[in-house]
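Take a look at the letters that make up each chain.
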Amino acid sequence: QLQLVESGGGLVQPGGSLRLSCAASGFFLDSYTIGWFRQAPGKEREGIACISSSGRVTYYTDSVRGRFTVSRANAKNTVYLHMNSLKPEATAVYYCAARGLTTTKEMCTATSRPGYWGQGAQVTVSS
């Protein structure tokens, strides 16, 4: 089985920080561009942070740039999303996805849903 599993979600206070992890099994992430997506209640899915297979190129949507950081540890077959200064509007289900032969910008902005996807992790920002 080829799987991506998100972990690290939960409840956090506004202004707090959280780190999500995306671990792969059945394949090696070092051949794939990785994206983090979220879907808030009543809203469309949006790509928020993507990273190239090497980790040298990243892309962020405007709403998270400067506060979120995507990184990867290919030796651990894991990708991370560090979320700082969290706002209530960040409450959503967060997904990671892996796709080959794509740019980081395309990964985050494409309307299609190719590649491998995790099951999602709930993040709730509330006091």
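Up top is the structure these notes are about.
This text gives an overview of the structure that appears in the document. (Residues numbered from 1 in each chain as written. Predicted model: local features only at pLDDT ≥ 70, side-chain atom pairs only at ≥ 80, totals over all residues. Heavy atoms only, no water.)

## Focus on the state of the cysteines
Point 1. Within this structure, the stated rule accounts for 2 disulfides.
Point 2. Here Cys 22 pairs with Cys 96 through a disulfide, and the sulfurs are 2.0 Å apart. For the disulfide bridge between Cys 22 and Cys 96, the dihedral angle about the S-S bond is near 70°, and by the sign convention the bridge is right-handed. Of the two residues, Cys 22 sits in strand S3 (residues 18-25) while Cys 96 sits in strand S9 (residues 92-99), which places them 74 residues apart along the sequence. Across the pair, exposure class does not vary: Cys 22 and Cys 96 are buried alike.
Point 3. At a sulfur-sulfur separation of 2.1 Å, the disulfide partner of Cys 50 is Cys 108. (Disulfide = S-S within 2.5 Å. Helix = DSSP H or I, 4+ residues; strand = E, 2+ residues; numbered from the N terminus. Buried < 20%, exposed > 50% of the residue type's maximum accessible area, 1.4 Å probe, protein only.)

## Topic: the nonpolar core
Point 1. Core analysis: the biggest nonpolar cluster contains 30 residues, and Trp 36, Leu 81, Met 83 and Tyr 94 have the highest contact counts within it.
Point 2. Looking at this core, the elements that each hand over two or more residues are S3, strand S4 (33-39), strand S5 (46-51), strand S7 (68-73), strand S8 (78-83), S9 and strand S11 (121-125).
Point 3. Counting 7 residues, the second-largest nonpolar core is a separate cluster that includes Phe 37, Tyr 95, Cys 108 and Trp 117. (Core = buried A, V, L, I, M, F, W, Y, C linked by side-chain atoms within 4.5 Å.)

## Details of the sheet that holds S8
Point 1. Across the sheet, which stays open at both edges, the 4 strands sit in the order S1-S3-S8-S7 with antiparallel pairing between neighbours. Looking at strand neighbours, the two that pair on one side only are strand S1 (3-7) and S7, the edges of this open sheet. Taken over all neighbouring pairs, the strand axes of this sheet differ in orientation by 15° on average, direction set aside.
Point 2. Relative to S8, S7 runs antiparallel, the two being bridged by 6 bridges. Within the sheet, the bridge partner assigned to Thr 69 lies in S8 and is His 82. (Pairing = 2+ DSSP bridges. Axes fitted to C-alpha atoms, helices over the stretch in contact; angles between N-to-C directions.)

## Quick word on the side chain of Thr 104
Point 1. You can see Thr 104 is positioned in helix H1 (residues 104-109).
Point 2. The residues touching Thr 104, leaving out its near neighbours within four places in the chain, are Thr 33, Cys 50, Ile 51, Ser 52, Val 57, Thr 58 and Tyr 59. (Contact = heavy atoms within 4.5 Å.)

## Details of unusual backbone geometry
Point 1. One non-glycine residue with positive phi stands out, namely Ser 85, at about 50°.
Point 2. Turning to its location among the elements, Ser 85 is positioned in the loop between S8 and S9.
Point 3. Relative accessible area serves as the criterion here: at 41%, Ser 85 is assigned to the partly exposed category.
Point 4. Residues other than glycine seldom take positive phi values, yet Leu 101 does so here, at roughly 55°.
Point 5. Inspection of the secondary structure assignment puts Leu 101 in the loop between S9 and H1.

## Details of the environment of Glu 6
Point 1. With respect to the helices, strands and loops of the structure, Glu 6 is situated in strand S1.
Point 2. Dropping the residues within four chain positions of it, Glu 6 is found in contact with Ser 21, Cys 22, Trp 36, Tyr 94, Tyr 95, Cys 96, Gly 118, Gln 119, Gly 120 and Ala 121.
Point 3. Only 2.8 Å separates the side chain of Glu 6 from the backbone nitrogen of Cys 96, close enough to count as a polar contact.
Point 4. Here the side chain of Glu 6 touches Gly 120 through a polar contact of 2.9 Å, landing on its backbone nitrogen. (Polar contact = N/O pair within 3.5 Å; in protein donor to acceptor, adjacent residues only side chain to side chain.)

## A word on the pattern of salt bridges
Point 1. Within this structure, the stated rule accounts for 3 salt bridges.
Point 2. Of the charged contacts, one joins Glu 106 and Arg 99 as a salt bridge, the two residues approaching to 3.4 Å between their closest N and O atoms.
Point 3. For Glu 106, a relative accessible area of 33% corresponds to the partly exposed category. (Salt bridge = Lys/Arg side-chain N within 4 Å of Asp/Glu carboxyl O.)

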